[in-house]
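# Structural overview
Take a look at the letters that make up each chain.
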Amino acid sequence: MMSTNETGAARLTHFDASGAAHMVDVGAKAATRRVARASGHIEMQPATLALIRTGSAHKGDVLGVARVAGIMAAKKTSELIPLCHPIALTRVALDFETLDAPAPAVRCTATAETVGPTGVEMEALTAVHIALLTIYDMCKAADRAMTIGSVRLLEKSGGKSGHFVADTPYD
């Protein structure tokens, strides 16, 4: 999180005046509805994508398991990222799209929502990362060369910093 100091220069809010890392105090912030969407993809061989599409991967329903893993990860974000606040999520949803071009891939988009004093960007990003890692884990016997990439925040709304939309929706 970034804000500005008295001179208008940007400063990172996870550091105090002496430069020590700290958890941001959100106690005085208003509880508002906050939504964040993030996405990323995993590229693979065409045969690996075919296994996912047909549901014939050795370990089972790859996208179903990845969806549950992403939801679980969003719920545990504050345990994984040291300065994140534990928040009460009101919704986490993951959507997957299989792509043939420009390369065989699965794109994951996660949406996280809460009503509270802090945002859910980290929860959405964590959900995407873990869902994609789960796809890798479930398909690695068929394709160890899979590549995870382009994980980023697409949109966030709510809170003092307002609405953010990425310049381009996907890489």
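Everything numeric in this text was worked out from a predicted model, so none of it was measured.

Procedures and definitions
- Residues numbered from 1 in each chain as written.
- Predicted model: local features only at pLDDT ≥ 70, side-chain atom pairs only at ≥ 80, totals over all residues.
- Heavy atoms only, no water.
- Helix = DSSP H or I, 4+ residues; strand = E, 2+ residues; numbered from the N terminus.
- Contact = heavy atoms within 4.5 Å.
- Lys, Arg positive; Asp, Glu negative; His and termini not counted.
- Charge placed at Lys NZ, Arg CZ, Asp CG, Glu CD.
- pLDDT = per-residue confidence, 0-100.
- Salt bridge = Lys/Arg side-chain N within 4 Å of Asp/Glu carboxyl O.
- Expected span 1.5 Å × (residues − 1).
- Buried < 20%, exposed > 50% of the residue type's maximum accessible area, 1.4 Å probe, protein only.
- Arc of directions from axis to C-beta.

### Let's talk about the overall build of the chain
The helix and strand tally for the chain stands at 4 helices and 7 strands. Written out in order from the N terminus, the α and β elements of the chain read β-β-β-α-α-α-β-β-α-β-β. Dimensions of the chain along its principal axes, counting C-alpha atoms only, are 55 × 30 × 25 Å. Sequence-distant contacts in the chain: of pairs separated by 6 or more residues, those separated by 24 or more amount to 66%. A gap of 3 Å separates the mean positions of the 17 positive and 17 negative side-chain charges of the chain.

### Examining the confidence of the model for the chain
Confidence in the prediction of the chain, expressed as mean pLDDT, is 89, and 91% of residues score 70 or more. Highest mean pLDDT in the chain belongs to helix 2 (residues 62-75) (98); lowest belongs to strand 1 (residues 2-4) (48).

### Focus on unusual backbone geometry
Backbone torsion omega between A101 and P102 reads 5°, so that peptide bond is classified as cis. When you line up the elements, P102 lands in the loop between strand 4 (89-99) and strand 5 (105-116). The residue S150 is not glycine, and still its phi comes out positive at about 55°. Secondary-structure assignment places S150 in strand 6 (residues 147-157).

### Describing the pattern of salt bridges
Evaluated as defined, the whole model comprises 7 salt bridges. In this structure, the salt-bridge partner of R37 is E155, at a minimum N-O distance of 3.3 Å. Here the residue R37 occupies a position in strand 3 (residues 32-43), and E155 occupies one in strand 6, the gap between them amounting to 118 residues. The partner of E79 in a salt bridge is K76, with the nearest N and O atoms 3.7 Å apart.

### Points about helix 2
Taking 1.5 Å of rise per residue, 14 residues should cover 20 Å, and helix 2 covers 20 Å from first to last C-alpha, within 8% of that figure. Regarding helix 2, the residues found buried are V62, L63, A66, A69, G70, A73 and A74. Relative to the axis of helix 2, the buried residues are bounded by an arc of 135° and lie together on one face. On its buried face, helix 2 sits against helix 1 (46-54), helix 3 (77-80), strand 4, strand 5 and helix 4 (121-139).

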